[in-house]
Protein chains: 2
Amino acid sequence: MKKNKRVGSLITELLSHPSKQYSYKDFCTKFDIAKSSLSEDIAIAGEVIAEEGIGKLETIQGANGGFRYIPSLSSNKLDNLQRTLASKLSDPSRILGGNFLYTSDLMFDSQLTRSMGAYFAGEFANLKADYIVTVETKGISLAADVAFMMNLPLVVVRREAKYSEGSTVSINYFSGSYDRIQKMSIAKRAVAPNKRAIIIDDFMRGGGSLKGVTEILSEFDIEVVGAGVAIASREPSKKKISSYLPVIYLDSIDEESKVIVASFDRAKNADNK
Amino acid sequence: MKKNKRVGSLITELLSHPSKQYSYKDFCTKFDIAKSSLSEDIAIAGEVIAEEGIGKLETIQGANGGFRYIPSLSSNKLDNLQRTLASKLSDPSRILGGNFLYTSDLMFDSQLTRSMGAYFAGEFANLKADYIVTVETKGISLAADVAFMMNLPLVVVRREAKYSEGSTVSINYFSGSYDRIQKMSIAKRAVAPNKRAIIIDDFMRGGGSLKGVTEILSEFDIEVVGAGVAIASREPSKKKISSYLPVIYLDSIDEESKVIVASFDRAKNADNK
């Protein structure tokens, strides 16, 4: 196989399995080339991935060494994503009343969730997480993309204990958005104890829902090591969870004048850390 | 940019935006090369994609011409997917009683849903669909992958009319699996009338749920032009919908002897059509 085809084949494989570690041997055998030639191919593939602004190739030294593709978004791509999302969110036809906005089209737009997924994967790459966890329904597509990018299993917390989930653990929690007690439930066989989880959700107001997920995971001695949300409301400024990373902020909804304000300064700071 | 980097860059862009049509000009400008050189790069990228068994590059002639990546699975990759899925599904620890199996881990395994998504995208590529539609919850990850692969919006039908969906249309339908009347609901603003939809779901027994989705879409004069399910039960042999494409079949569950039989002969036939 010629060099330009090998680089293409390598990129195809890596983009299809983000965060998966490959050994040099995997590709030396596949391409029937020496390790020195493969190293050159990997260097070129790494340059392409970096220049496209979608992450980096990481090489791991030693006997169990190899390489893998770690997705992330370049500052430029993140800026585009945040501008696009903030602009779409500000469309006044989204106003439903009672401080609610229609966002299902955004949360099920696969190009948007894919970009957000790459962003969170890059920010959370070093947290040594075992699971991506979300609570149904609107964050599932985003959480699935993060799980794909980080090569981790996705666990979906259900609102009600479903028969098809087998035996479950359930909790009640207070949802500020709905101003009432809500339930969530997780299949016992969905998680193993003493692991580390990242929570991903579509929207956060007071953080009650994310705190609920943290509590239900603590029943399994699972520690929450990171939390990412597509859209975080600025108000209330005091959240029920201490640390979270939003893609953008929802600043205000003025129902009378039909003005929605969204911004993303703090998310940009997170990118520059 | 050197040729091997150009091919890599082209593949990166195409795999990140499946089914999106690009003009030659897009890349002639980006790479600062003539159309003849780009045509050579596209030919090499097309060879790589075909050899990797993940689809093909399609060129569109004429003034509005260009090219795009159409995902699909090679027979070989489909066979691997079906064997893997059937083998995992046959694990007797999945038996929950009452003819139910635990499948959430499979339906939220992003590598599995990604492969299934590529399979459906290839099979349904010529249906001129406008939407991918699923009903919450377990099919969302799969449906989102199909939507990504086909570059189409995903519409998620909810079990209950949620306030955050705005005004909705709801129907009642009979679920054979749960042996009772269930409800489903769709946001009025989620779809435009007189369009074409593909339904994707995780599991089908009698087809009541898919028939329900067909009915609720008919309220918007939306025609269902295709249906794909990850797992279809062989029984009952008479389904409530006439046409569907499964990845694998669930043949039988023997709770006493703890034996689950899964197979995939008809799905293979579909691949050979």
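What comes next is a walk through the structure. Values in this document were obtained by computation on a predicted structure and should not be read as measured data.

1. Looking at the overall build of chain A
Check the secondary structure of chain A and you find nine helices and 12 strands. In terms of overall dimensions, chain A is globule-like: its C-alpha atoms have a radius of gyration of 21 Å, near the 19 Å expected for 273 residues. By its C-alpha atoms, chain A is 65 × 45 × 30 Å across when sized along the principal axes. With 273 residues in all, chain A has 56% of them scored as buried. Accessible area for chain A stands at about 11,500 Å²; split by element, carbon and sulfur atoms hold 46% of it. A gap of 4 Å separates the mean positions of the 36 positive and 33 negative side-chain charges of chain A.

2. A short note on the packing of aromatic side chains
This structure, assessed with the given rule, holds 16 aromatic pairs over all chains. Centre to centre, the rings of Phe27(A) and Phe67(A) are 5.7 Å apart; their planes meet at 40 degrees, and the pair counts as tilted. Of this pair, Phe27(A) sits in helix 2 (residues 24-31) while Phe67(A) sits in strand 2 (residues 66-71), placing them 40 residues apart in sequence. Each member of the pair Phe27(A) and Phe67(A) is classed as buried. Taken together, the ring pairs connect Tyr22(A), Tyr24(A), Phe27(A), Phe31(A) and Phe67(A) into an aromatic cluster. Looking at Arg114(B), its charged tip hangs above the ring of Phe148(A), at a distance of 3.7 Å from the centre. Here the basic side chain of Arg234(B) rests over the ring of Tyr249(B), its NZ or CZ set 3.9 Å away from the ring centre.

3. Section: the packing of helix 2 (residues 24-31) of chain B against helix 3 (residues 35-51) of chain B
Residue and element names in this part refer to chain B. Running from N to C, helix 2 and helix 3 cross one another at 105 degrees; their axes reach a closest spacing of 10 Å. Relative to helix 3, helix 2 is oriented roughly perpendicular. Seen from helix 2, the contacting residues are Tyr-24, Phe-27, Cys-28 and Phe-31; seen from helix 3, they are Lys-35, Leu-38, Ser-39 and Ile-42. Grouping the amino acids of the contact of helix 2 with helix 3 by side-chain chemistry returns six nonpolar, one polar and one charged.

4. Side note on the interface of chain A and chain B
Taken together, the 55 residues of chain A in the interface contact 54 residues of chain B. For the pair chain A and chain B, the summed buried surface comes to about 4,700 Å²; carbon and sulfur atoms form 55% of the total. For the pair chain A and chain B, the number of links is six salt bridges. The salt bridge involving Glu51(B) is made with Lys5(A); its shortest N-O contact spans 2.7 Å. Remark: the boundary between chain A and chain B carries 22 residue pairs in polar contact (both at pLDDT 80 or more).

5. Things to note about the relation of the copies chain A and chain B
Of the two same-sequence chains, chain A is brought onto chain B (RMSD 0.0 Å, axial shift 0.0 Å) by a rotation of 180 degrees. Taken together, the rotation and translation relating the two chain copies correspond to the operation of a two-fold axis. Nearest to the rotation axis, the C-alpha of Asn4(A) is located 2.0 Å from it, this being the minimum over chain A. Here 98% of the contact residues of chain A are again contact residues in chain B; the copies associate through an equivalent surface.

6. Here we look at the nonpolar core
Counting residues in hydrophobic clusters, the biggest one holds 89 residues, and the most contacted among them are Ile132(A) and Ile132(B). Filtering out sequence-adjacent residues up to four positions away, Ile132(B) remains in contact with Ala143(B), Val146(B), Ala147(B), Met150(B), Leu152(B), Pro153(B), Leu154(B), Val155(B), Ile198(B) and Ile200(B). Counting residues in each nonpolar core, the second largest holds 42 residues, with Leu10(A), Cys28(B), Ile42(B) and Tyr69(B) among its members.

Definitions and limits used
Residues numbered from 1 in each chain as written. Chains lettered and ligands numbered in written order. Predicted model: local features only at pLDDT ≥ 70, side-chain atom pairs only at ≥ 80, totals over all residues. Heavy atoms only, no water. Helix = DSSP H or I, 4+ residues; strand = E, 2+ residues; numbered from the N terminus. Rg over C-alpha atoms; globule rule 2.2 N^0.38 Å. Buried < 20%, exposed > 50% of the residue type's maximum accessible area, 1.4 Å probe, protein only. Areas by Shrake-Rupley, 256 points an atom, 1.4 Å probe, with all protein chains shown as cover. Lys, Arg positive; Asp, Glu negative; His and termini not counted. Charge placed at Lys NZ, Arg CZ, Asp CG, Glu CD. Phe/Tyr/Trp six-rings, centres within 6.5 Å; stacked < 30°, edge-to-face > 60°. Lys NZ or Arg CZ within 6 Å of the ring centre and 35° of its normal. Axes fitted to C-alpha atoms, helices over the stretch in contact; angles between N-to-C directions. Parallel < 35°, antiparallel > 145°, perpendicular 65-115°, else oblique. Contact = heavy atoms within 4.5 Å. Nonpolar A, V, L, I, M, F, W, Y, C, P; charged D, E, K, R; others polar. Buried area = accessible area lost by both parts, 1.4 Å probe. Salt bridge = Lys/Arg side-chain N within 4 Å of Asp/Glu carboxyl O. Polar contact = N/O pair within 3.5 Å; in protein donor to acceptor, adjacent residues only side chain to side chain. Least-squares fit on C-alpha atoms with pLDDT ≥ 70 in both. Core = buried A, V, L, I, M, F, W, Y, C linked by side-chain atoms within 4.5 Å.

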